[in-house]
Every structure is written in structure tokens, then in C-alpha cells.
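These are the residues of each chain, in order.
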Amino acid sequence: MRATLHTVLLLTLFTVFGAPASAEPLRLSIVHVNDWDRLDARDGAGGAAKIASIARYERDRVEAEGGQVLLTFGGDMLSPSLLSGFDKGAHMVALANAIGFDAAVLGNHEFDFGPDVLIQRLKEATYPVLGSNVSYKGKPGFPGAERSRMVTAGEYKIGLLGLTTTDTPSLSSSGPDVGFAPLAETAKEIVADLRKDGADLVIALTHAVYQSDLETLRQVSGIDIVLGGHDHLVLVLYDGKQAILKSGSQGNFVGVMDITLDRVEGRNGPQLVWQPSFSLINTIDVEPDPTLEGKVAAYSSKLDRELAAEVGVTEVALDTSRASVRSAENIFGNLIADAMRVATGADAAITNGGGIRGDTNYPAGRTLTRKDVLTELPFGNRTVTMRLKGPDLLAALENGVSQVEKGAGRFPHVSGISFAFDGRKPAGSRVSDVKVADTPLDLGKVYVVAVNDFIAKGGDGYDAFKKGVIVVDASSARLMASQVIDYVQNSGGVKASIEGRVRRLD
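Attention here is on the structure that accompanies the text. What you are looking at is a predicted structure, and each value in this text was computed from that prediction instead of being measured. (Residues numbered from 1 in each chain as written. Predicted model: local features only at pLDDT ≥ 70, side-chain atom pairs only at ≥ 80, totals over all residues. Heavy atoms only, no water.)

### Quick look at the environment of Asn-282
Next up, step 1: Relative to the helices and strands, Asn-282 is located in strand β16 (residues 269-282).
Next up, step 2: With 14 residues separating them in the primary sequence, Asn-282 and Asn-268 have C-alpha atoms 43 Å apart.
Next up, step 3: Reaching out from Asn-282, the side chain makes a polar contact with the backbone nitrogen of Ile-284 at a distance of 3.0 Å. (Helix = DSSP H or I, 4+ residues; strand = E, 2+ residues; numbered from the N terminus. Polar contact = N/O pair within 3.5 Å; in protein donor to acceptor, adjacent residues only side chain to side chain.)

This is the structure:
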């Protein structure tokens, strides 16, 4: 099977340190995946069955040679996916249990359905999940997650900690009871405890951007290896002392770090030395594990039966690619916003482009199904309505275009509103010519605005919405996806168009 794996990067570094001490050298193979929420392969790569196949192969190979395997996950499993919209990620935990992960870290998407759902998912997990910098109701730790973990590998002790991005409250629905301490500050404390308990090698599972990983390593020299996630990068970094491994997303690549652990005599007595080699395996030609493939097929069959219902024909081509929904007015974005406004009777509606996740092109004449709509809107968001003052509505639009040059998910899709913006101007002063119902925005007026429950709580930087007075809260609101389905059916199909609601001046 090894011959079928596409190894896109192979880096082997050998260093000789002193004379061997009493402990025998050990082969430790780390198999790492991150940001995986998709059941099956897409374009031949990724998915549960291919991840399981590589994990099984590595275990067989390394254990036959007397070594040990550590299968790790770098966060973001429960969401966003189509089936997760129905079972809130329960199927992903079941698949992860079957694959047999040895350790995972909490990602921001683990909190998409709120802390109560996450607590339930953690009860179902048979693998340890780390949340070193997460607190709950003012106390360190999160129910069902571990602050740290010590793993024995032969005669060596491997210390594990898990760090979750501090941006999680604005990226998910973690709620007011969950806190996220600074990464490096937490790592210093946990690493000191692990070293005190005899850890020979310290590994940090992180769900944070690459720059944060670098800063954490700079501040915490006691971390040997970072196994990362969050920014979907495929990379290896090794400077002779510390290493970072990230494996992209969805299991399209699986990272393997083969390490030789040895203990040698140094000036101050025995010390550990480790020699790594790295492989980033493209899974496109990997044969799927038959057992996991059967589980995936069962889940897919169940989902297909429930989602096959037709919604309506689109009379226009629809583009939901990431770049399109995060940079300019978009027909599908208009459709969603119109459905929200009509369903609630609000003056205006706003939703963020980051909530549109299908990354698909639908040709004119295509019959859309419930599955299509839920693929585009996988988070299970509900439409909240609020009374919002004119200045706060303007501030919300400014936030929406404040990071357009970065392709940020906060980009606004609107209904009942039109405005212009200039991305060359400083963030916060880009928006002009705002109209509500074709009338210039009145800063002295209060508007009824429909927004999804994520941005209503300040998600994606929409702090202005936290100043609104809620009319219909999330517990009483309907699913956005249901409103879109109803709107398309009642309209006799998709007939939306680009209308100049959001005009770029740059």
C-alpha cells in the first residue's frame, strides 16, 4: 500500500548526539489529521475511510518494527457538514471512534452547536480530547476535555497539551460560559507541569493560525512539536529543535512524522534526543478502509433519503464559491437574505458570506433539493430579528466590508438594503450611500433587522448587533435553511439576480 501513497514532501534529518544511555532507541510514528468534518472523499481524496486506511497501514508497519503509533487530530470535526446539521456532529464522533484516534484538541467548530451539545459529544468520544486553555463557568477546563495527558511510549514519556484559538467566541457559538486563555501563557504552565512529571518529549496539539503557533514556540521553548490545524495549511517546519506539522483539511493529506527517540549522556546527565522525518501523504490514490467505507455508505444513504426532496428549479446560474460569497454581491446571498426578510417581515436582512459553505456552481435549469440548501447552510443557524438604531446598522455594514481584502467570512449579503463601499479606504470608513427600502439611511430611526443568530451574538466581528433589542430570539426563531426552502418553493424556483445591492467602488 505504501507504494500507492503520493508522498509530496519527505524530509529526513539525522543528528548524532553523544554516546547512547541505558534506554533503547524507540521508533514513534505520529499520524496527524486536522479540520476534518466530511464523511466521504471528494474528487478522490479525503474522507473517513481513507484516513482510516492510512492509520491502519501505519500502525501495522510501525508496530511490526517494534515501534509505536500516535494518531492525532488537530480540531474542527463536529461542524460544518451536511449531516451535522441534523445530528450535531454525532456521526463524526462515531467515525472518529472507529478510526481510533489517540488524542485530539478542541477546534472552534466544536462549539458551533453550543457548549451543551459539545459536552454530550465528548461523552460519546472514546478518545481523549484536550482543551488546555479552555475554561467553563469561570473554572479551568471544559467538561469531558483534559487539560493535559501523559502517554508512555516504550521507556519514554510523551506529554500532550491542547490549545484552541482565542478567536473561538467570535467564530462559533461557544457562549458566555466558555473562556479561552492566551495560548503561550497556558502552554508555559502546562509544559512546566508535564516536564516536572517526567515528560521526555512535549507535543502541543493546537487549533490556531500558523503565526500563533510560531509565537507559542518562540515563547515556550519546552514544546518540542506542534501538531496544528485551523488555517487548513499543508506544511512542515523544523529548525533542528522544534517542529510544526499541519495536514491541510478533510483528510486530503495525512501527515506522518517518524521519530527516533533516544536517551544519551550529556553534560548534565541523560537527555533525550529525537530525529524526525516527515511525509505528507496525498490520499487521492489511497484505497479506502472497507469497514469505514461501509459506515460512511450507511450514513450517506440515510442522509440521501431524507434530503432527496426537490425544492425548485433555479432559473439563473448560482456561484457559491468561497471567493464569490466573501467579496461581492452574490445571487445566492441575495436569495438567502430575501428569504430571511420575507419570512420575518423585517425592514432589512443581513447574513454573512462565511455562513455559505457549499463552494459549488449550479447551472441555470438545475433542480435544487433540500440537500443542496443544507449543504450551503450547514451550521443550523436560525433567523433572529431585532430593533437596531441607524448608527448601529451602519456600523454593522462597516464591519461587513472591513476585511474584504482578506476574504473574511463577515462579508454581508443584504435584503431591503443597498450601499456602496471602497476597499481602498481605512476599515470603518468604507461604506457610503446606504439606503433602506430605497430611502437614505436615517441615523435617527430604529429599524427591524433580520440576521442569523451567529452574527446576532457578535460573531464575525458584528458587535453592533449586540446593541440591538431582540424581537425574536434564537430559541423561538426558525432555521434559515427552512426559510430558504420555503421561499424557493413559494416563488416557484430561484429567480434572484444581481441588483446593485452592494456596489464596489475600488
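Right, picking up where we left off after that structure.
### A word on the packing of aromatic side chains
Next up, step 1: What the rule picks out here adds up to twelve aromatic pairs.
Next up, step 2: Their ring planes at 65° and their centres at 6.3 Å tell us that Phe-101 and Tyr-127 sit as a pair that is edge-to-face. One end of the pair, Phe-101, is in the loop between α3 (90-99) and β4 (103-105); the other, Tyr-127, is in the loop between α4 (115-124) and β5 (129-130), and 26 residues separate them in sequence.
Next up, step 3: Three or more aromatic residues joined by ring pairs make a cluster, and in this case those are Trp-36, Phe-73, Phe-101 and Tyr-127. (Phe/Tyr/Trp six-rings, centres within 6.5 Å; stacked < 30°, edge-to-face > 60°.)

### Things to note about empty space enclosed by the protein
Next up, step 1: Following the criterion strictly, the structure yields one cavity of 30 Å³ or more and no others.
Next up, step 2: The computed volume of the largest cavity comes to approximately 100 Å³.
Next up, step 3: What lines the largest cavity is a set of 14 residues, and nearest its centre among them are Met-77, Glu-110, Leu-122, Tyr-127 and Val-129.
Next up, step 4: Contributing elements (two or more residues each) for the lining of the largest cavity: β4 and α4.
Next up, step 5: At three residues, the largest contribution of residues to the lining of the largest cavity is made by α4.
Next up, step 6: Of the residues that constitute the lining of the largest cavity, the class distribution is twelve nonpolar, no polar and two charged. (1 Å grid on protein atoms, 1.4 Å probe; cavity = no way out; pocket = protein on both sides within 12 Å on 5 of 7 lines; lining within 4 Å. Points joined across faces, edges and corners; volume = space filled by probe spheres on them. Nonpolar A, V, L, I, M, F, W, Y, C, P; charged D, E, K, R; others polar.)

### Observations regarding the sheet that holds strand β14 (residues 243-247)
In any sheet, the strands associate via hydrogen bonds between backbone groups, in a parallel or an antiparallel arrangement.
Next up, step 1: With respect to topology, six strands assemble into an open sheet ordered β8-β9-β11-β12-β14-β13, the strand pairing being mixed. Strand pairing shows two members of the sheet lacking a second neighbour, β8 (148-153) and β13 (234-238), which therefore form its edges. Between one strand axis and the next, the sheet turns by 20° as a mean value, whatever way the strands run.
Next up, step 2: Relative to strand β11 (residues 201-207), strand β9 (residues 156-164) runs parallel, the two being bridged by seven bridges. From the neighbouring strand, Leu-163 faces β11, where its bridge partner is Thr-206.
Next up, step 3: Most of the contacts of helix α7 (residues 210-219) go to β14, to which it runs at about 160°, and overall it touches β9, β11, β12 (225-227), β13 and β14. (Pairing = 2+ DSSP bridges. Axes fitted to C-alpha atoms, helices over the stretch in contact; angles between N-to-C directions. Contact = heavy atoms within 4.5 Å.)

### Brief notes about the side chain of Asp-200
Next up, step 1: By secondary structure assignment, the location of Asp-200 is in the loop between α6 (183-196) and β11.
Next up, step 2: On the basis of relative accessible area, Asp-200 is assigned to the buried category, the value being 18%.
Next up, step 3: If near-sequence neighbours (up to four positions away) are discounted, Asp-200 is found in contact with Glu-155, Tyr-156, Lys-157, Arg-195, Asp-224, Arg-263 and Leu-272. (Buried < 20%, exposed > 50% of the residue type's maximum accessible area, 1.4 Å probe, protein only.)

### As for the packing of helix α10 (residues 331-344) against helix α14 (residues 480-491)
Next up, step 1: Where α10 contacts α14, the axes come no closer than 8 Å and their chain directions differ by 90°. Here α14 runs roughly perpendicular to α10, going by the angle between their axes. Of the residues in α14, those touching α10 at Leu-335, Ile-336, Asp-338, Ala-339, Met-340, Val-342, Ala-343 and Thr-344 are Met-480, Gln-483, Val-484, Tyr-487 and Val-488.
Next up, step 2: Split into classes, the residues belonging to the contact of α10 with α14 amount to ten nonpolar, two polar and one charged. (Parallel < 35°, antiparallel > 145°, perpendicular 65-115°, else oblique.)

### So, the environment of Ala-474
Next up, step 1: Within the secondary structure layout, Ala-474 lies in the loop between β28 (469-472) and α14.
Next up, step 2: Between the C-alpha atoms of Ala-474 and Gln-120, which are 354 residues apart in sequence, the distance is 21 Å.
Next up, step 3: Residues contacting Ala-474, with those up to four places away along its chain left out, are Arg-382, Val-384 and Asp-453.

### What to know about the side chain of Asn-399
Next up, step 1: Mapped onto the secondary structure, Asn-399 falls in helix α12 (residues 390-400).
Next up, step 2: Classification of Asn-399 as buried rests on a relative accessible area of 11%.
Next up, step 3: Among the polar contacts listed, one links the side chain of Asn-399 to the side chain of Arg-410, at a separation of 2.8 Å.
Next up, step 4: Here the side chain of Asn-399 touches Gly-461 through a polar contact of 3.4 Å, landing on its backbone oxygen.

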